[in-house]
Amino acid sequence: MSALLELKNLHAGYGDSVVLNGLNITVNLGEVVAILGANGAGKTTTMRVITGLLNPTAGDVMFDGIDLLKIPAHLRVEAGICLSPEGRQVFPNLSVEDNLILGSYCPRSRSRRKETLAEVFDLFPRLIDRRKQSAGLLSGGEQQMLAIGRAMMGRPKLLLLDEPSLGLAPRLVHVVFDAIAQIASSDISILIVEQNTQAALSVAERGYVIVHGEVFEEAPVSELMNLDSVKKAFIGSATTKGQTFAKRGDLDA
Amino acid sequence: MSWITMKNVAFLALAIILVPLPFYSSPVVTDWCLRISSLMILSISWNLAANAGLVSLGHSAFWGLGTYAAILTANMLGLSFLESILPSIIIGMLVGSILAIITGRLRGFFFAISTLAMSEGLRVIAVMTPDVTGGGEGLYINQALRPDSETIASTAIFAAFVVFAISWGLFRSRYHYAFRAMRNNEQASQMFGINPRAFRIGVLAISGGMASLGGGINVWFGGFVDPNIAYDLHITILAQVAPILGGIYTLIGPVIGSIVAIGISEATRIWFGASGFSLFIYGFILCVFILYLPSGIWGGFIRLWRKHVLKSDNLAEVRK
Amino acid sequence: MSLFFQFILDATMLGGLYALMTVGLALGLGVTRIINFAHGDFIMLGAYAAFFSFAAIGIDPLFALPFVAVVIAGFGAGVFKMIAKRAMAAPRINQILLMFGISLVIQNLAVILFTGDARSVSTPYSLSASEFADVWFPHGRIIVFLVAVMIVVGLVLWLKHSELGKATMAVAQNEKAATLMGINVSSVYLIAFGINAGLAGATGVAISFLLTITPFMGFHMLVKAFAIVILGGLGSIWGACIGAFVLAFAETAVAYYVPNGIGWAEGVAFAVLLAVLIIRPRGILGQEVEEAH
């Protein structure tokens, strides 16, 4: 399998605080990969580095053979990377339809806009009724659908999903992840970041568990679900019980 | 706490030498003394408010109010020069407090626009109430009461020292941290036991009173006021240029800035003559300093000093 | 009765002019969050441009308007480009002072280049008027109103329906998300500021045959424009339009119905401003104002 996205030895942070400590992640063509971890482990930071909203202090980001770090943030969509951000981040005073249209702002996707729009409405029929409404008035679940739909409008090679289950009622999580599963069945590669392990593992093929900005465990999903160490790491790093897995830098926290 | 420190003694000595300066020097120097002192008073006043995060774009309001207060009390009540200063200060403090109350907790842009509106509004009021203020035609001060220029300049110098002493006192007091906190995050300032509302009223009252003092003293020199002179935009501009030149937020910045600004004004007058030039240069300085030297002359000096001092420290380490 | 109709007519025409004067500022503010204190000076430059093209080449201001607007838009964009990097990173206070400084520079450059003498442009329609049913219809003002309405409507349509217009609105609403869509936020900033300057220039041309032209004429308009922006709510174009008409009607009402009103009408903007800040700082259509910042 050829690698579509490669994060090599990534270091990044905000000001003096270091979040990513030598992260190594690979997403192969057509794969669906999940990144799991507790709050503060560095999941969203990883997304930010990939989309260019944050510059890493060290390390490489290779996408489809090109050095992604040389490409400014607003050109990464053209390269084929689209993100559904944490917290949705829709344009509140624009209509649902305008939000989607903006998703295909980049030249590569703009030419196929009509076609893509139809596909997105197929994926999320709920949005059809709402197409003229202001995005800010939508419910949480609908906004999440909009965020994903908007990302899909960019006709990505790699779809990034940052915590799509955040703040959603379980029933809606099902609806959203059904749609994600549908996307997964196409040849689009997906990198999904989640706190909700179950939901993530329901669509992913392979998963990483990151703790304190480093990969703690990497395995196919079938194995991940059973690893004791993973369960402990997950719960452990969020409370003081996880001393076994404490890394250097903990005392600085 | 002993008040007899090196700095205090030096300060007093300087005051004793400089206050009577106009009396034993030429009229040119007297003029400079008056202008520099007035600008110092104005810029220390502006700097004080800026320190608390309150950027005033209408400081001419206070100046103008002080001007009118002095002239009106002199003409209507026969107050002498020194007596008329008191109403100037009082009205400045009063309006400053009112401004603080009206603007509530609003800061930044909203506060700035309020000050702009205030100065323009006061100008309009001055124009529209000719019975009181002489309207657009202006008002002459009662000639019989006018003292000589040297007295005015001396008073200005004395006032400048007093104003500086007040700001010095505030910088050294426990409010120093309150200022910084207010500038960054008003919520945090409450941790210092400061009531943000009361603090804002205090700051603006003092700042307002100082600026009005400046206006009140100055009107005696020119002997005439009209709404455009009193609430002149140029006053507002000078109030900002001096602190930014010298070093915004610092104690000595406005002092340095005032001297340099008046120097520039004199230089452009001598070299270029035309009126637009000094303002053009002020605007240019404002831009250049904000962009490239935001901490002003004093800030630049401190940085160089630190480099110098650090160098000496390194040598000391090596010798060990 | 005819006085009332006159009042409505005058207030409406003034409202249109104020809308043109403010809408660019509201856009620039909403997108870049930088407070353009040089706004009034772009208006002034537009007026001078109209004057010089009229005096030197005899071009009617209305024909010159599109060109002047474009040139001043370019000038504004150029100024923005020079300061953008440092200005965006600087604290609020510095931004305000910087724009104030730029305003000073432009104003006094005008004094040096054009002298402080008042200028005026008189076209055939500057002073002419028609009467109908006891109401005076001044030609100049009506033309200004129509031009203003055209431009403002044009701007709103552009924002709602064009690709770049939508991108601009997106940047105003959520910069990070806009970047994720592939929108070059820096370019949009430049465009927004350019439009701000361009519309100000257009306003200047429009008033060139109504008011006397001096280097300092911009200041009064700046304060009024800000009053309208705050009244309407920061960052809201519709709010700016509504605010423009509210102020225009308030001013005209004072001028008509208050004794000595014409002089006091100038002060209405400040009274409105203070009232808004005390009662409802967010204005008519604005977002909640974060008080402690």
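Note that the coordinates shown come from a computational prediction; the quantities given were computed from them, not determined experimentally.

Glancing now at the overall build of chain A. When its secondary structure is counted, chain A shows eleven helices and ten strands. Counting over 253 residues, chain A shows a buried share of 44%. In chain A, the proportion of contacts linking residues at least 24 apart, taken out of those at least 6 apart, comes to 67%.

Moving on to the overall build of chain C. On a plain count of helices and strands, chain C comes out with eleven helices and two strands. Order of helices (α) and strands (β) in chain C, N terminus to C terminus: α-α-α-α-β-β-α-α-α-α-α-α-α. Expressed along its principal axes, the backbone C-alpha trace of chain C runs to roughly 60 × 45 × 35 Å. When the 293 residues of chain C are sorted by exposure, 55% land in the buried category. Here the contacts in chain C between residues at least 6 apart in sequence split such that 77% fall between residues at least 24 apart.

The first and last C-alpha atoms of helix 5 (residues 108-128) of chain B sit 30 Å apart over 21 residues, in line with the 30 Å expected at 1.5 Å per residue. Burial runs high along helix 5 of chain B: 18 of the 21 residues are buried.

The next point concerns the interface of chain B and chain C. With 42 residues of chain B at the contact, the number on the chain C side is 37 residues. Mapped onto the side of chain B that touches chain C, the elements with two or more residues apiece are helix 4 (81-103), helix 5, helix 9 (186-189), helix 12 (233-246) and helix 14 (275-292) of chain B. Residues belonging to the side of chain B that touches chain C are distributed by class as follows: 29 nonpolar, nine polar and four charged.

Within the largest apolar cluster, 279 residues are counted, with the highest numbers of intra-cluster contacts made by B:Leu286, C:Leu20, C:Val23 and C:Ala227. At 14 residues, the largest contribution of residues to this core is made by helix 1 (residues 2-32) of chain C. Residues lining this core come from more than one domain, with at least three contributed by each of domain 1 (6-231) and domain 2 (233-320) of chain B. Setting aside anything within four residues of it in sequence, one finds C:Val23 in contact with C:Val152, C:Leu155, C:Leu199, C:Ile237, C:Ala240 and C:Cys241.

Residue and element names in this part refer to chain B. The first and last C-alpha atoms of helix 10 (residues 196-222) sit 39 Å apart over 27 residues, in line with the 39 Å expected at 1.5 Å per residue. Burial analysis of helix 10 places 20 of its 27 residues in the buried class, the great majority of the element. Gly 223 sits one or two residues past helix 10 and shows a positive phi near 80°.

Moving on: the arrangement of the chains. Contacts are most numerous between chains B and C, considering all two pairs of chains that are in contact. For the non-touching pair chain A and chain B, the nearest C-alpha separation works out to 18 Å.

This paragraph deals with the pairing of strand 9 (residues 206-211) of chain A. All names here are of chain A. Here strand 9 lies mainly inside the structure; five of its six residues are buried. Pairing of strand 3 (residues 32-36) with strand 9, which is carried by four bridges, proceeds in the parallel orientation. Note that in strand 9 the partner of Val 33 across the bridge is Arg 206. With six bridges joining them, strand 9 and strand 10 (residues 214-220) adopt antiparallel strand pairing. Across the sheet, residue Tyr 208 finds its bridge partner in strand 10, namely Glu 218. Hairpin remark: strand 9 followed by strand 10, antiparallel, with two residues in the connecting loop; positive phi at His 212, about 50°.

Here we come to the sheet that holds strand 5 (residues 66-67) of chain A. All names here are of chain A. Spatially, the four strands line up as an open sheet ordered 2-1-4-5, and their pairing is antiparallel. At either margin of the open sheet sits one strand with a lone partner, and together these are strand 2 (17-28) and strand 5. Of the strands in this sheet, strand 1 (3-14), strand 2 and strand 4 (58-63) are in contact with helix 1 (residues 43-51), which crosses strand 2 at around 70°.

It is worth spelling out the environment of B:Val95 at this point. Residues and elements named next belong to chain B. Take Val 95: it is sitting in helix 4. We classify Val 95 as buried; it has 22 C-beta atoms within 10 Å. Linking Val 95 and Gly 208, residues 113 residues apart in sequence, is a C-alpha distance of 7.1 Å. Here Val 95 is in contact with Phe 62, Leu 65 and Gly 208, once residues within four sequence places are set aside.

The interface of chain C with chain A comprises 15 residues on the first partner and 19 residues on the second. Of all the secondary structure elements, the ones that give two or more residues to the side of chain C that touches chain A are helix 6 (163-173) and helix 7 (175-180) of chain C. The dominant element in the side of chain C that touches chain A, judged by the number of residues it contributes, is helix 6 of chain C, at five residues. Its residues assigned to classes, the side of chain C that touches chain A comprises eight nonpolar, five polar and two charged.

Let us now look at the sheet that holds strand 8 (residues 189-194) of chain A. Residues and elements named next belong to chain A. What the six strands build is an open sheet, ordered 6-7-8-3-9-10; its pairing is mixed. Lying at the two open borders of the sheet, with one neighbouring strand each, are strand 6 (81-84) and strand 10. Direction aside, the axes of adjacent strands within the sheet are offset by 20° on average. Of the strands in this sheet, strand 3, strand 6, strand 7 (158-162), strand 8 and strand 9 are in contact with helix 1, which crosses strand 7 at around 145°.

Put simply, chain A has an average pLDDT of 88, and 89% of its residues get 70 or more. In this model, residues 236-253 of chain A is a region of pLDDT below 50 whose contacts with residues beyond four sequence positions or in other chains number 15 contacts.

Each value, and the rule that gives it
Residues numbered from 1 in each chain as written. Chains lettered and ligands numbered in written order. Predicted model: local features only at pLDDT ≥ 70, side-chain atom pairs only at ≥ 80, totals over all residues. Helix = DSSP H or I, 4+ residues; strand = E, 2+ residues; numbered from the N terminus. Buried ≥ 20, exposed ≤ 12 C-beta atoms within 10 Å, placed from the backbone. Contact = placed C-beta atoms within 7 Å. Expected span 1.5 Å × (residues − 1). Nonpolar A, V, L, I, M, F, W, Y, C, P; charged D, E, K, R; others polar. Core = buried A, V, L, I, M, F, W, Y, C linked by C-beta atoms within 7 Å. Domains from an automatic or database assignment. Pairing = 2+ DSSP bridges. Axes fitted to C-alpha atoms, helices over the stretch in contact; angles between N-to-C directions. pLDDT = per-residue confidence, 0-100.

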